[in-house]
Protein chains: 4
Amino acid sequence: MIRAAIVGANGYTGFELMKLIDAHPYLTLTMAVSRSHAGTRIRDMYPPLGFAYGDKCFEEADTAAIARNADVAFTALPHAASAQIGGELHDRGVKVIDLSADFRYDDINLYESTYGVTHPRPELNAAAVYGLCEVNRKKIANASIVGNPGCYTTCSILPLYPLLKAGVLSPNGIIIDAASGVTGAGRKADVSYNFCETDGSYKAYGVTTHRHTTEIEEKLRMGNEQFRVTFTPHLLPVKRGILATIYADLIPGVTSADIDNAYKMYENEKYAVALGEGVLPEIKWVTHSNVCAFGYKIDKKTGRIIIVSAIDNLIKGASGQAIQNCNIMFGRYESAGLPLIGSYL
Amino acid sequence: MIRAAIVGANGYTGFELMKLIDAHPYLTLTMAVSRSHAGTRIRDMYPPLGFAYGDKCFEEADTAAIARNADVAFTALPHAASAQIGGELHDRGVKVIDLSADFRYDDINLYESTYGVTHPRPELNAAAVYGLCEVNRKKIANASIVGNPGCYTTCSILPLYPLLKAGVLSPNGIIIDAASGVTGAGRKADVSYNFCETDGSYKAYGVTTHRHTTEIEEKLRMGNEQFRVTFTPHLLPVKRGILATIYADLIPGVTSADIDNAYKMYENEKYAVALGEGVLPEIKWVTHSNVCAFGYKIDKKTGRIIIVSAIDNLIKGASGQAIQNCNIMFGRYESAGLPLIGSYL
Amino acid sequence: MIRAAIVGANGYTGFELMKLIDAHPYLTLTMAVSRSHAGTRIRDMYPPLGFAYGDKCFEEADTAAIARNADVAFTALPHAASAQIGGELHDRGVKVIDLSADFRYDDINLYESTYGVTHPRPELNAAAVYGLCEVNRKKIANASIVGNPGCYTTCSILPLYPLLKAGVLSPNGIIIDAASGVTGAGRKADVSYNFCETDGSYKAYGVTTHRHTTEIEEKLRMGNEQFRVTFTPHLLPVKRGILATIYADLIPGVTSADIDNAYKMYENEKYAVALGEGVLPEIKWVTHSNVCAFGYKIDKKTGRIIIVSAIDNLIKGASGQAIQNCNIMFGRYESAGLPLIGSYL
Amino acid sequence: MIRAAIVGANGYTGFELMKLIDAHPYLTLTMAVSRSHAGTRIRDMYPPLGFAYGDKCFEEADTAAIARNADVAFTALPHAASAQIGGELHDRGVKVIDLSADFRYDDINLYESTYGVTHPRPELNAAAVYGLCEVNRKKIANASIVGNPGCYTTCSILPLYPLLKAGVLSPNGIIIDAASGVTGAGRKADVSYNFCETDGSYKAYGVTTHRHTTEIEEKLRMGNEQFRVTFTPHLLPVKRGILATIYADLIPGVTSADIDNAYKMYENEKYAVALGEGVLPEIKWVTHSNVCAFGYKIDKKTGRIIIVSAIDNLIKGASGQAIQNCNIMFGRYESAGLPLIGSYL
C-alpha cells in the first residue's frame, strides 16, 4: 500500500480526497492534517467519513511525523503556505501533489503577480510538473512534485489544447464563459454563500480579474506572448460541477473533420472524452466522476466554434486529478480508485 | 400616510418589511435603523431595494429621532434588546410591533426560562397583545404594543386553535412535525447554512428543545397546565416557507363535519384559509403571500386527524403579519399592502 | 375598470397575468380562456389563485363572448394560433397584447423562416407594434395590437440598443451567453424538465439555432443587413430569471463615460436600470419584479465590454411587460400594478 | 465473474444498478433489458453510462436469452409484470432479485389488497425471502428469489425492528413522518415533478393511503394482528435521499441504555449504523451510499422517543440493497462494490 497524508484536510477537497482514498485499492490514509482542527475527530466535521474512518482525528502539521508516515502528501493549503509545507515535505523525501496554485506556473513572475505573494520555494517550482495528466503524463511519471491544475483551467484547457496545437483556431479573441458550483468557493462561513443568497439566483463574478485567467493563458499560449483570453466565471446554484462554454474563431476552411482529427489525441483517454460535433455535455454527466467531457458546434453564420466542456470541480478539477497524478507518479493503473460514471442523479 | 420605522432593518424580516412598506398604500418608510450598518446605503446590502429607495441609508438607533419621525416602529432585534428599545419607543408615544419573542408570552416566567434572559420591561409585557390577528383582532385594534407571533407558532396555532376550542381533539399527545426554509435561521455567516451544506439535504434540529414549543403550548393550553406538544422542526433546502404536519387524536365520534364546523370561525378570513378535508396545501401555494392555508385527513384506522398547514415564514410568519397588525392598530383595511396569491413559481 | 381576458390562461405566463391583474388597480379579469381546460376551476390547476378568484373556471375560446366581456385580451397561444385568435379579437374591436412571437417581427419572412409557419394575418402584423416599452413607448400608446417581446430578447436588447444606437460598439462579433430558469420552457410534462433531470445540473441548448436569435438581430440591426449575433442559451436549475452575459468589441477610444452617456436614454426609466460600470446584477435582484437591470465592465486587455443583464423571464420577459404595454395603451400610469423590488429571497 | 441482467433497466434504479455493477469487482453486466427502449443505446438515455458501456444497447425481454446470459437477474418492472417475468427467469434457473413489491409480502392477501392486483405466482412468493439484509441474512444466503424491500420501509424498519423486538416501545400509536427526494417517484414525464412545480416547495402526499404502510406493518407486527402505524410521506425538493422522523411511546422505565442495548444487534453492521442518543443523521450523510444511519432523542416531558433515520432511496432503498442481496446470495463479500461514505456534497 502507498501511504498517503493530506495536509489541509478539513476543506472540501480534503473531504473528497479522504473519500477517494478509502475506496482506492492501493492507497491508505495515514494522516489527515489540519492546523485549525487538529485533535478533532474527522467525523465530527464530516459525519459520513466516520462510516469508514471511525474515530480518527485530524492531526498537527508536523512535517517530520508526516515524512515518517507517508509516501505521498496531498497539500491543499492557502497560496504560499502550501508551497512552504509542501517544500519541507519534499525535502524530507515525500512525493508532493499540491492542490494550491503554488506549483502550477512555469513563469514564477506571472504566479507572483497573479497571486500577490512571493513564492517561498522558486527552485522547487522549477522542478515541479504541471499535473494535467492527459497532456503531461510522461513528465508526471518522473516527477517528485506536481502542481495540480485549477478547476476552471482543467475544464478549459483540455478541450482547447488540441485545437490550438493543431492550429485550427485563431488564437485571438477566445472567450471562456464558465459557471461553477458553490463548492468552488471552498468551505466558508460567508453570507454570500448562504443558501438563501445563492439558491434561485445566478451571477457573474471576478469579471476580467479571475486568477485562473493567467493559468489558462500560460498553458495555451504556445509561444505567443500576446495570447489573451477573456474568462468570465459565474456562480451556479449547484453544489458541484463546472460547465464552460467557449467561443473561438475557426481558421477559415477548417471543418468538423479537422476538429475531430485534433481530438484524436484523446482517443484512448478515459477521463478526457471528446463527444464530437453536436453532442454537448451537461454538468450531471460528470458530477462525482473524474471525466472531463466536451463537444462542439460550428456556427457557419459567424465562422465560430462553440465548445461546451464539463467537469466535476472537486474530482477532475481537484481531488480526482490529484489521485490520477498519484497513480501515474507511483506507476500504478492510472484509473485506480477513480470514479468513471457521472452521478446524473 | 402612516410614518413607519424599522429597527433592526438589516435582517431578512427587515428586507421584507421594506419591500412591503414600499408597496403599501398608507405606509411610508421614514427610517431604517441598523446599529451594525448605520451609514451604509440600503442598496449596498440589498440591491433590489435601491430600485425603490435609491441611496437611502441605514441609520443609528436614536430613539428620540425615531419618535419624531415615526408613528409606528417595527422592532426586530435579538431577544431582550428588542424589548429594551421597543419599550423606549413606546414610552415616547410610538406604537410598537415587535418581531422578537419579547412580547409574545402572557407568562413572563415561561418567557424567561425559554429564552434564558430577564425581561427588561415586564410591565409593558403585561400591556402587550399577542398579535395573532385572526384570534386577537379586537385586542390588537386597541393595543399600543404588539408581540408579533413566531413563524412555526403561527403555522401551528391557526389550524389547532379552533379545534381545541371546539373540544374535538384530545389535548394529549399532539405532535407537530414541521419543516422550514433556510431564511428561518436569519441572515447568518454560518457554514451550516452555506449552500453546499444545505442544498440536497434535509435534517431535524432542535429536537425536544426548540423555543417555539412553549409559545405554542401557552397559546393552546386553554387553562390546562399539563398541556404539552411534541414539536420537531426540520431544515428544508428551500429559501422560504413552512409546512407543518400535525398529528392529534380525535375525540371518539368526531367527524369531518365537526372539524369543518369548528373552522367556520375563519370563514370570512382572507389569511387563514381552511381548505377542508382532503385538500392539503403545499409550500408553493403560500410563498410570498400572507396566507396561512391548511387542510386535513382523518385516519379511521388509528382515530387520528392529520392536519397539514403552510405559511411563508417571512410574510404571515413575520413581516406580513406585522403589517397586518399595523393595519388593524391604525384602523385601516386589514388587507392593505398584503400579498394574497402565493408565488407558486 | 379595464376589463381583461387572457386567452391561453393555463400556462405559466397566464398564471402570472392572473396574479398581476388581481393586484392591479385598474384591471379586472373577466375571462380566463383555456381551450384545453375549459370548465376546470382555475384553483384546481393553480391553487393559490383560489385565494383571489374562488371557484372561477377556465372558459371556452368563444371570440364573440370575449369581445363582449373584454376591453383588452392577452393572447398566449402557440405560434400562428395566437395570431389567428388575436386577429379575430382585434377584428371585433378588442385591443390585443400577444405574448407569442406572432406580432414581434417587422420582416414577416424572417418570422416565417424562423418559426416554420405561414403567418395567418400578415396585414395585422404590419399594423402591430413591437412592445418593448422603453424603446417604442409612443407607438405603443397608439397601437391596437402589440407583439410582446421575448424573454431573452428583452434582456439582451435593452442593454445593447443604446450602445449600438450611439455607435460605441462594433456591430461585428457580438456574443450573448445567457442562462434562463426552467419556467422559460413553459408548463410541460417532459422528462427533461423533471426535477431529477434539472436540479444540480446546467446545460447549453439550442446552440446556434435558438429562435430568439433572429428577433434580437432584427431589433438591433439598425439598417445593417449583415448584422449577426451569436446567442447561446443555457438552462439554469432555478425556476425563474434570466442572466445574459454579453461580449462586444468597443470602438477604439470609447470609454466608460461614453457608455454611461448612451445609457442616459434610460435615466427616467423605472424598469430599465443601468447600474453603471462595475455593478453587475444577479438574478435574485430582479425575480418577481418588472425591472431589467444591467451593468458592465471593460476589459482593457482585449478591448471588450462585458455587459451583464438580468430580468425575470415571466415578468419583464413576459406578463409584466404585457401589463406595462396595457398601461401604456390605455393611457394609465405605466407602473400601475407592476412589482418593482426584486424578491432577493 | 457473476453475469448479471437487469430487466426494466431504463428507470432510475436501473441506472444505479448499471453504475454499481460497472464498479463491482465480481459482477459484469451482460444484458440491460428494456421493453420500451430495446435497440436504443444506453448512452442515448443516460449519457454518463457511455463512459463505461460505450455503444451497448437496451435489449428485448427474451427470457430464454436472459437465462443463457445471466446468473442473476435484477427485475424492476411494474407490479405483477415484475413477478411474471421474474418467475419465468426463476423457472429457467436464474437467481432473481426483484425490486418491485411483488415478492415482499408474506401475506399474499395483504399484497393483493394493497396493490390491487392478483399475484401471478403465489407459489413463488411463498418461496421468496424478504431481502432486508441485516435482518434476514441467513435466509437470503439460501434464497433463489428475493423481494428487495421498499425505500421508505427500509428506512423505517431498520431502526424500529430492534426496539420492537426488545419490547422497549409501545406498539400502539407509532408515527412515521418521512420525506423523500423526487427520484422516489421514478423517471416520469409528469408535470407534478417538473422542476418548476417541485423546487422551492414541499408537500405531504399519500396521507393515510401510501402503500408502504402495509409493508412496514407486516414486517414489524411481530404476531400482533392489530399493529398499525401512521405513515406520512412528503416530497422534498432534492433528487435523492429519505429522512424518516419516527415518534413512539417508550414503555415506562425504558432508558437510553435499553435503547442502545437493543441496537447492539447492529454493532458489526456496515450499512445499518446506530449513531446513539442525540446524534441525528442528515440526508447528505448517506446520499450515494449504502448506509442507513439513525439516532434518537428521548423527550422526557412526553415519554416519547423520536428516532431520525436516513438512507439514499436509490442505493440502500433500492439498487444498493439489491447488490448487497446479490453478494449474500452468491457467497461473496457482502460489501463488494457498495459505496460506504455518503456524498455530503
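Preceding this section is the structure that the text describes.
Residue numbers restart at each chain and count upward from 1, following the sequence in its written direction. Note on labels: chains are lettered from A, ligands numbered from 1, in written order. Totals for whole chains, interfaces and linings use all residues, but because this is a predicted model, local features are given only for residues with pLDDT of at least 70 and pairs of side-chain atoms are given and counted only at 80 or more. Hydrogens and waters are ignored; side-chain quantities use all the structure's heavy atoms.

## Here we look at the relation of the copies chain C and chain A
When chain C is fitted onto chain A, the two copies agree to an RMSD of 0.0 Å after a turn of 180 degrees and an axial shift of 0.0 Å. Here the copies are linked by what is in effect a two-fold axis. Both copies contact each other with a shared surface, as 100% of the interface residues of chain C are interface residues in chain A too. Overlaid copies result from least-squares superposition on C-alpha atoms, with residues included only where pLDDT is at least 70 in both. Contacts between residues were defined by any pair of non-hydrogen atoms, one from each residue, lying within 4.5 Å.

## Description of the interface of chain C and chain A
Every contact between the two is made by 43 residues of chain C and, on the other side, 43 residues of chain A. Taken over both partners, the interface formed by chain C and chain A buries close to 3,600 Å², and the fraction arising from carbon and sulfur atoms is 56%. Throughout this description, the term salt bridge denotes a Lys or Arg side-chain nitrogen within 4 Å of a carboxyl oxygen of Asp or Glu. Scanning the region where chain C abuts chain A turns up six salt bridges. Residue A:Lys301 is joined to C:Glu217 by a salt bridge in which the shortest nitrogen-to-oxygen separation is 2.9 Å. Contributions of two or more residues to the side of chain C that touches chain A are made by β7 (174-180), α10 (195-198), β8 (203-204), α11 (212-220), β9 (229-235), β10 (242-249), β12 (292-299) and β13 (304-311) of chain C. In terms of residue class, the side of chain C that touches chain A is built from 20 nonpolar, 11 polar and 12 charged. The term buried area means the drop in 1.4 Å probe accessible area that two parts suffer when joined, counted for both and summed. In this text, helices come from DSSP runs of H or I with a minimum length of four residues, and strands from runs of E with a minimum of two, each type numbered from the N-terminal end. Gly counts as polar in this scheme, as do all residues outside two lists: the nonpolar Ala, Val, Leu, Ile, Met, Phe, Trp, Tyr, Cys and Pro, and the charged Asp, Glu, Lys and Arg.

## Quick notes on the relation of the copies chain D and chain A
You can overlay chain D on chain A at an RMSD of 0.0 Å; the transform is a turn of 180 degrees with a shift of 0.0 Å along its axis. A share of 100% of interface residues in chain D that are also interface residues in chain A marks the association as one of identical surfaces.

## Regarding the nonpolar core
Grouping buried Ala, Val, Leu, Ile, Met, Phe, Trp, Tyr and Cys residues that are joined through side-chain atoms within 4.5 Å yields what is termed a nonpolar core. Using a 1.4 Å probe on the protein chains alone, a residue whose accessible area is under 20% of its type maximum counts as buried, one over 50% counts as exposed, and one in between counts as partly exposed. Counting 276 residues, the largest nonpolar core has A:Phe74, B:Phe74, C:Phe74 and D:Phe74 as the members making the most contacts within it. If near-sequence neighbours (up to four positions away) are discounted, C:Phe74 is found in contact with C:Ala4, C:Ala5, C:Ile6, C:Val7, C:Leu17, C:Ile21, C:Ile97, C:Leu99, C:Ala322, C:Ile323 and C:Cys326.

## What about the packing of aromatic side chains?
Within 6.5 Å between ring centres, the rings of Phe, Tyr and Trp (the latter by its six-membered ring) count as paired, and their orientation is classed by plane angle as stacked under 30 degrees, edge-to-face over 60, tilted in between. Within this structure, the stated rule accounts for 44 aromatic pairs over all chains. Aromatic side chains D:Tyr266 and D:Phe294 sit 5.9 Å apart centroid to centroid with 65 degrees between the ring planes, which places their arrangement in the edge-to-face category. Residue D:Tyr266 is located in the loop between α12 (256-262) and β11 (272-277), and its partner D:Phe294 is located in strand β12 (residues 292-299); the two are separated by 28 residues in the primary sequence. Grouping residues by exposure puts D:Tyr266 and D:Phe294 together as buried. A connected cluster of aromatic rings, assembled from ring pairs, spans A:Phe15, A:Tyr46 and D:Tyr344. To sit over a ring, a charge needs its Lys NZ or Arg CZ within 6 Å of the ring centre and within 35 degrees of the ring normal. Residue placement shows A:Arg332 over the ring face of A:Tyr26; its charged tip is 4.8 Å from the ring centre. Across from the ring centre of B:Tyr344, 4.4 Å away, lies the NZ or CZ of B:Lys284, which sits over that ring.

## With respect to the pairing of strand β7 (residues 174-180) of chain A
Residue and element names in this part refer to chain A. Counting buried residues in β7 gives seven out of seven residues, a clear majority hidden from the surface. Along β7, one buried face is formed by Ile174, Ile176, Ala178 and Ser180 and the opposite face, lined by Ile175, Asp177 and Ala179, is buried too. Note on pairing: DSSP must find at least two bridges between two strands before they are called paired. Of the strand pairs in this sheet, β7 and strand β9 (residues 229-235) are connected by seven bridges, and their pairing is parallel. Looking at β9, one finds that aspartate 177 is bridged to threonine 232. Relative to strand β10 (residues 242-249), β7 runs antiparallel, the two sharing six bridges. Its bridge partner being in β10, isoleucine 175 is matched across the sheet by tyrosine 247.

## Focus: the sheet that holds strand β3 (residues 72-75) of chain C
Residue and element names in this part refer to chain C. Overall, parallel pairing links the six strands, which are arranged β2-β1-β3-β4-β6-β5 in an open sheet. A single partner strand is all that each edge strand has here, and the edge strands are β2 (27-33) and β5 (129-130). The sheet contact formed by β3 and strand β4 (residues 95-98) spans four bridges and is parallel. By the bridge assignment, phenylalanine 74 is partnered in β4 with isoleucine 97. To obtain each axis, a line is fitted to C-alpha atoms, and for helices this fit is confined to the stretch in contact; angles are then taken between N-to-C directions over 0 to 180 degrees. On the sheet, helix α13 (residues 315-329) packs against β2, β3, β4 and β6 (145-147) and is oriented at approximately 155 degrees with respect to β4.

## A short note on unusual backbone geometry
A positive phi angle, close to 60 degrees, is found at A:Tyr344, a residue other than glycine. Mapped onto the secondary structure, A:Tyr344 falls in the segment after α13 (315-329).

## Here's the deal with the sheet that holds strand β3 (residues 72-75) of chain D
Residue and element names in this part refer to chain D. Judged by pairing direction, the sheet is parallel, and its six strands sit side by side in the order β2-β1-β3-β4-β6-β5 without closing on themselves. What marks the edges here is a single partner per strand, and that holds for β2 (27-33) and β5 (129-130). As paired strands, strand β1 (residues 2-7) and β2 are joined by six bridges and run parallel to one another. Bridge assignment links valine 7 to a residue of β2, and that residue is valine 33.

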